[in-house]
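# Chain and residue survey
This is what each chain is made of:
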Amino acid sequence: MPVTGRTHQLRVHCAAIGTPILGDFKYGEAAAHLAGVPGSRKLHLHARSLSMPHPLGGRLQVTAPLPPHMRQTWEFFGFAGDLEDPFAELDVA
């Protein structure tokens, strides 16, 4: 669970250790595709939640649902695509 990191860094490091991000043909080539898995040709990198200090005080928290291609892949593997944030109880601040 990366706390921070730029998209490029995550993609390069995952490919370098032999576990490319699903759908990342730029860095993972053929190893980034799972034949027969719906949606696996699109990049599966998603910022589920972002939290940052708000300039007027407090924190700004933004949460996004899974994109349709990732929801399709999750459901293919038997995971609910509409789960609440599974990491909500973790304190990463």
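Residues numbered from 1 in each chain as written. Predicted model: local features only at pLDDT ≥ 70, side-chain atom pairs only at ≥ 80, totals over all residues. Heavy atoms only, no water.

The next thing to look at is the overall build of the protein. Within the protein, the secondary structure is distributed over 3 helices and 2 strands. The order of helices and strands in the protein, counted from the N terminus, is α-α-β-β-α. Residues classed as buried in the protein amount to 17% of the 93 residues present. A sequence separation of at least 24 residues applies to 34% of the contacts in the protein between residues at least 6 apart. For the protein, the accessible area works out to roughly 6900 Å², and carbon and sulfur atoms hold 61% of it. (Helix = DSSP H or I, 4+ residues; strand = E, 2+ residues; numbered from the N terminus. Buried < 20%, exposed > 50% of the residue type's maximum accessible area, 1.4 Å probe, protein only. Contact = heavy atoms within 4.5 Å. Areas by Shrake-Rupley, 256 points an atom, 1.4 Å probe, with all protein chains shown as cover.)

To continue, consider the packing of aromatic side chains. One pass over the full model with this rule turns up 2 aromatic pairs. Geometrically, the ring pair formed by Trp 74 and Phe 79 is edge-to-face, given 6.0 Å between the ring centres and 65° between the ring planes. Trp 74 gets classed as partly exposed once you look at its relative accessible area, which sits at 31%. (Phe/Tyr/Trp six-rings, centres within 6.5 Å; stacked < 30°, edge-to-face > 60°.)

What follows covers the pattern of salt bridges. Enumeration according to the criterion identifies 1 salt bridge in this entry. Between Asp 24 and Arg 11 there is a salt bridge, with its nearest N and O atoms 2.6 Å apart. Of this pair, Asp 24 sits in the loop between helix H1 (7-16) and helix H2 (25-28) while Arg 11 sits in helix H1, and the two are 13 residues apart along the sequence. According to the relative accessible area criterion, Asp 24 is buried, its value standing at 1%. Residue classification places Arg 11 among the buried positions, given a relative accessible area of 16%. (Salt bridge = Lys/Arg side-chain N within 4 Å of Asp/Glu carboxyl O.)

Residues Leu 34, Trp 74, Phe 76, Phe 77 and Phe 79 make up a contiguous nonpolar surface patch of roughly 500 Å² in combined accessible area. Relative to the elements of secondary structure, Phe 79 occurs in the segment after helix H3 (68-76). (Patch = residues over 30% accessible without salt bridge, like charges linked within 9 Å, V, L, I, M, F, W, Y side chains within 5 Å.)

This brings us to the environment of Ser 51. Tracing the backbone through its elements, the reader meets Ser 51 in strand S1 (residues 49-53). Separated by 12 residues in sequence, Ser 51 and Thr 63 place their C-alpha atoms 8.7 Å apart. With sequence-adjacent residues up to four places away left out, Ser 51 is seen in contact with Arg 59, Leu 60 and Gln 61. Separated by 2.9 Å, the side chains of Ser 51 and Arg 59 make a polar contact. (Polar contact = N/O pair within 3.5 Å; in protein donor to acceptor, adjacent residues only side chain to side chain.)

On to the environment of Ser 40. Take Ser 40: it is sitting in the loop between H2 and S1. Once the C-alpha coordinates of Ser 40 and Leu 22 are considered, the two residues, 18 residues apart in sequence, prove to be 6.2 Å apart. In this structure the side chain of Ser 40 is engaged in a polar contact, spanning 3.1 Å, whose partner is the side chain of His 33. A distance of 3.1 Å separates a polar side-chain atom of Ser 40 from the backbone oxygen of Leu 34.

Shape is all these values report; function is a separate question.
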